[in-house]
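Observations on chain architecture
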Amino acid sequence: MDTNLAYADECRDELINGFIVMMSPRPKTDHNLTTFNIASIFKHYLKGKRCTPFPDGEDLFLSEKDRFVPDGMIVCDPDKIKNDGVYGAPDLVVEVLSPATAKRDKGYKKDAYEQAGVKEYWIVNTTDKSIEQYFLTDGKYVLNEVYSVYPDYILKGMTEEEIAAIPTEFKCSLFDDLLIKLEDVFERIQ
């Protein structure tokens, strides 16, 4: 008898370009906090609205050869939501980088999300507290902006005008009235 049945679901996998790829069972604390913060922002904003936020752990059936588990997503078409996952392109996908996934998140997955028609894609880096925000424009991702929390040692060398020009909040292209503060995304990240 296997005494580790409680951990049977811990070893998650993704289907990437037709190949099974094992996922790390336990992300680092900064990764978990960041995904939780992002999910919380969208959960509160989307309460009572049509779109549904999904935190890390939900299967995304993007194509016959791609089944991903993004770190977050927003789905505005309820017909895409099934009991075992999301089928088809979400409206927004968030991937939080880790050393093991950075190349895929910035390469193959970004291309797959683009081809599937995901309207907005975020690549979040907890190490430098940054968010790359891509918008789908004419079928291709265009980098809208890179938002960063500047460390104190850089801010000390800047003028007041330069500091005032640094964006500290941004908008998701899906919602005109949602202002996302970088300090909320990276709350409690060291």
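1. Examining the packing of aromatic side chains
Inspection of the entire model under this criterion finds 11 aromatic pairs. Between F61 and Y87, the aromatic rings sit 4.3 Å apart at their centres with planes inclined by 5°, giving stacked as the arrangement. Placement of F61 in strand β4 (residues 60–63) and of Y87 in strand β8 (residues 85–87) is noted, with a sequence separation of 26 residues between them. Overall, the relative accessible area of 33% leaves Y87 in the partly exposed class.

2. Some words on a nonpolar patch on the surface
Taken together, the side chains of Y150, Y153 and I154 make up a nonpolar region of the molecular surface, amounting to roughly 330 Å² of accessible area. Mapped onto the secondary structure, I154 falls in helix α4 (residues 152–155).

3. A few points about the pattern of salt bridges
Any two side chains of opposite charge can pair if their charged atoms end up close together. Applying the stated criterion to the full structure yields six salt bridges. A salt bridge links R67 to D59, with the shortest nitrogen-to-oxygen separation between them at 3.6 Å. The closest approach of N and O atoms between E132 and K106, which form a salt bridge, is 3.5 Å. Placement of E132 in strand β11 (residues 130–137) and of K106 in helix α2 (residues 102–106) is noted, with a sequence separation of 26 residues between them. Taking the relative accessible area as the measure of exposure, K106 reaches 42% and is therefore partly exposed. Each of the salt bridges in this network shares a partner with another, and the network as a whole consists of E95, D105 and K109.

4. Details of the sheet that holds strand β3 (residues 52–55)
Hydrogen bonding along the main chain pairs the strands of a sheet, whether they run parallel or antiparallel. Read from one edge to the other, the open sheet built from six strands follows the order β3-β6-β9-β10-β11-β12, with strand pairing classed as mixed. Of all strands in the sheet, those bounded by a partner on one side alone are β3 and β12 (140–148). For this sheet, the mean angle separating the axes of adjacent strands, direction not counted, is 15°. With three bridges connecting them, strand β6 (residues 72–75) and strand β9 (residues 92–96) associate as antiparallel partners. Opposite I74, over in β9, you have L92 as the bridge partner. Contacting β9, β10 (120–125), β11 and β12, helix α3 (residues 108–116) runs over the sheet at an angle of about 125° to β12.

5. Considering the layout of surface pockets
When its volume is computed, the second largest pocket comes out at roughly 200 Å³. Along the walls of the second largest pocket sit S148, V149, Y150, L155, I163, I166, P167, T168, K181, L182 and E183, which together make up its complete lining. Each residue belonging to the lining of the second largest pocket can be placed in one class, and the counts come to seven nonpolar, two polar and two charged.

Reading the values: the criteria
- Residues numbered from 1 in each chain as written.
- Predicted model: local features only at pLDDT ≥ 70, side-chain atom pairs only at ≥ 80, totals over all residues.
- Heavy atoms only, no water.
- Phe/Tyr/Trp six-rings, centres within 6.5 Å; stacked < 30°, edge-to-face > 60°.
- Helix = DSSP H or I, 4+ residues; strand = E, 2+ residues; numbered from the N terminus.
- Buried < 20%, exposed > 50% of the residue type's maximum accessible area, 1.4 Å probe, protein only.
- Patch = residues over 30% accessible without salt bridge, like charges linked within 9 Å, V, L, I, M, F, W, Y side chains within 5 Å.
- Areas by Shrake-Rupley, 256 points an atom, 1.4 Å probe, with all protein chains shown as cover.
- Salt bridge = Lys/Arg side-chain N within 4 Å of Asp/Glu carboxyl O.
- Pairing = 2+ DSSP bridges.
- Axes fitted to C-alpha atoms, helices over the stretch in contact; angles between N-to-C directions.
- Contact = heavy atoms within 4.5 Å.
- 1 Å grid on protein atoms, 1.4 Å probe; cavity = no way out; pocket = protein on both sides within 12 Å on 5 of 7 lines; lining within 4 Å.
- Points joined across faces, edges and corners; volume = space filled by probe spheres on them.
- Nonpolar A, V, L, I, M, F, W, Y, C, P; charged D, E, K, R; others polar.

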